[in-house]
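Remarks on the overall topology
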Amino acid sequence: MGSLTVNPAKDCALVEELAGPAAGLFNRHLSVSKEWYPFEDIPWGDATDFAEEAWNAQQYPLSQGVQSAIIVNVLTEDNLPYYTHTLLSPIKEDHPLREWSRRWTAEEWRHSAAIRDWILATRAIDPYRLEDDRMAQMSKGQVPESDSVAEMIAYVSFQELATQVAHRNTGQALDKTRRGKKIMSKIAGDEGLHHAFYRDLVLAALEIDPSTMMMAIQSELRNFKMPGTGIPGFTRHEEAIALAGIFGAQQFLDAVVKPTLSYWRIFDLEDLSAEADQAREKMSRNLAGLTRLAAAQQARIAAMQA
Ligand SMILES: [Fe+2]
Ligand SMILES: [Fe+2]
């Protein structure tokens, strides 16, 4: 995603220097992440055979926004192999980011398994439509692209936290008895750890080459799109999810962008190149734009509820 803001030679040197921090962060991840089993929380006793009883929307009525959130959440998890492929293509075989990415991919599959089994047992979503949409999305293999590893790790830092917020808020909209809340909350916990890995990798990169990272972060923030653009009807889903208050511009600004930029101390960075300093100024304008967008979206939600 984005125009070529990062010098390829500088990006290569940065990736080399990130081997040590990446290995350390991977070990930290292994020590804090908890194994869990995606089949354990599924209400299997509620499940019925689709050949005997056809699916219908009244079996588990959910608002359009919540349905869209569940569909986008599970299909995004399904598409992980393409993200892995994109992230790994510029990384050398023996770099610790490869080992991390394999573990990350394995964990994301667990999320997809848990959400899909839960959907099938509770009949929350039309399973035929879901499978058709999965085939359509995965046959395209469309994922956000970046021109450099610097931009990729900046993007994934925002995206993992955004995904955590989206999963957590989806869970909040579900009832306890059918266990959707519990499953979404377990998944949100993993996403928080994924975010912590990339966020701290970016922090290490900011120490190595603050100017390159400043430009990469600004570029990714300006162009940010949630993953899932290859999902049929993605724009419609995105709108419904935002209007349901699950994830929109306001959540992106308050729960993703602001805490992440402040963790990185973006506005305290010193010794930036002239170009990177300009990128930081642009970022302030981007943030003002995002603030206006969030206010407009909140006004639409308020008008709908009036
Ligand atoms: Fe996930
Ligand atoms: Fe994740």
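Since this is a predicted model, take the numbers as computed values, not measurements.

Scoring rules and cut-offs
- Residues numbered from 1 in each chain as written.
- Chains lettered and ligands numbered in written order.
- Predicted model: local features only at pLDDT ≥ 70, side-chain atom pairs only at ≥ 80, totals over all residues.
- Heavy atoms only, no water.
- Donors = N, O, S within 2.8 Å, 3.2 Å for Na, K, Ca; no water.
- Helix = DSSP H or I, 4+ residues; strand = E, 2+ residues; numbered from the N terminus.
- Buried < 20%, exposed > 50% of the residue type's maximum accessible area, 1.4 Å probe, protein only.
- Core = buried A, V, L, I, M, F, W, Y, C linked by side-chain atoms within 4.5 Å.
- Contact = heavy atoms within 4.5 Å.
- 1 Å grid on protein atoms, 1.4 Å probe; cavity = no way out; pocket = protein on both sides within 12 Å on 5 of 7 lines; lining within 4 Å.
- Points joined across faces, edges and corners; volume = space filled by probe spheres on them.
- Nonpolar A, V, L, I, M, F, W, Y, C, P; charged D, E, K, R; others polar.
- Axes fitted to C-alpha atoms, helices over the stretch in contact; angles between N-to-C directions.
- Parallel < 35°, antiparallel > 145°, perpendicular 65-115°, else oblique.
- Left-handed = near helix turned anticlockwise from the far one by under 90°.
- Patch = residues over 30% accessible without salt bridge, like charges linked within 9 Å, V, L, I, M, F, W, Y side chains within 5 Å.
- Areas by Shrake-Rupley, 256 points an atom, 1.4 Å probe, with all protein chains shown as cover.
- Salt bridge = Lys/Arg side-chain N within 4 Å of Asp/Glu carboxyl O.

A word on the coordination of the iron ion (ligand 1). For the iron ion (ligand 1), the protein coordination sphere consists of Glu 77 (OE), Glu 77 (OE), Glu 108 (OE), His 111 (ND1) and Glu 191 (OE), at 1.9 to 2.3 Å. Motif for the iron ion (ligand 1), donor spacing along one chain: E-x30-E-x2-H-x79-E. For the pair the iron ion (ligand 1) and the iron ion (ligand 2), the metal-to-metal distance amounts to 3.8 Å, and Glu 108 bridges them. Placement of His 111 in helix H5 (residues 96-122) and of Glu 191 in helix H8 (residues 180-208) is noted, with a sequence separation of 80 residues between them. The buried category is assigned to Glu 191, whose relative accessible area is 1%.

As a further point, take the nonpolar core. The biggest cluster of nonpolar side chains holds 87 residues, and the ones touching the most others in it are Ile 70, Trp 118, Ile 153, Ile 217, Phe 247, Leu 261 and Ile 266. Per element, the largest residue contribution to this core is 12 residues, and it comes from helix H7 (residues 149-172). If sequence neighbours within four positions are ignored, Ile 153 has contacts with Leu 18, Tyr 198, Leu 201, Val 202, Ala 205 and Met 213.

Right, let's talk about the coordination of the iron ion (ligand 2) for a bit. Summarising the metal site, the iron ion (ligand 2) is bound by the protein donors Glu 108 (OE), Glu 160 (OE), Glu 160 (OE), Glu 191 (OE) and His 194 (ND1), whose distances to it range over 1.9 to 2.8 Å. Ordering the donors of the iron ion (ligand 2) by residue number gives the pattern E-x51-E-x30-E-x2-H.

A few words on the layout of surface pockets. Counted as a void, the largest pocket has a volume near 680 Å³. At the level of elements, helix H3 (64-78), H7, helix H9 (210-223), helix H10 (234-243), helix H11 (249-263) and helix H12 (274-305) are the ones that each hand at least two residues to the lining of the largest pocket. Among the residues forming the lining of the largest pocket, the class breakdown is 18 nonpolar, eight polar and six charged. Here the second largest pocket is characterised by a volume of approximately 200 Å³. Residue lining of the second largest pocket: 13 residues in total, with Asp 11, Cys 12, Val 15, Pro 90 and Val 149 positioned closest to the centre. Elements with a minimum of two residues in the lining of the second largest pocket: helix H1 (8-17) and H7. Broken down by class, the residue content of the lining of the second largest pocket amounts to seven nonpolar, two polar and four charged.

With their axes 10 Å apart at the nearest point, H5 and H8 run at an angle of 165 degrees to one another. Judged on the interaxial angle alone, H8 and H5 are roughly antiparallel. Seen along the crossing, H5 lies across H8 with a hand that is left-handed. Residues Leu 97, Trp 100, Trp 104, Glu 107, Glu 108, His 111, Ala 114, Ile 115 and Trp 118 of H5 pack against Gly 180, Ile 183, Met 184, Ile 187, Asp 190, Glu 191, His 194, Phe 197, Tyr 198 and Leu 201 of H8.

In this structure, Asp 41 sits in the loop between helix H2 (19-32) and H3. In this view, Asp 41 contacts Arg 179, Lys 182, Ile 183 and Lys 186; residues no more than four positions away in its chain are not counted.

Within the fold, His 167 resides in helix H7. His 167 sits 14 residues away from Lys 181 along the chain, and the two C-alpha atoms are 9.3 Å apart.

Taken together, the side chains of Tyr 37, Phe 39 and Trp 44 make up a nonpolar region of the molecular surface, amounting to roughly 350 Å² of accessible area. Relative to the helices and strands, Tyr 37 resides in the loop between H2 and H3. Judged by its relative accessible area of 42%, Tyr 37 is partly exposed.

The subject of this paragraph is empty space enclosed by the protein. Scanning all chains against the criterion turns up three cavities of 30 Å³ or more. In this structure, the largest cavity occupies an estimated 120 Å³ of space. If you go around the largest cavity, the residues you meet are Tyr 83, Thr 86, Leu 87, Trp 104, Val 143, Pro 144, Glu 145, Ser 146, Met 152, Tyr 155, Val 156 and Gln 159. Contributing elements (two or more residues each) for the lining of the largest cavity: helix H4 (80-88) and H7.

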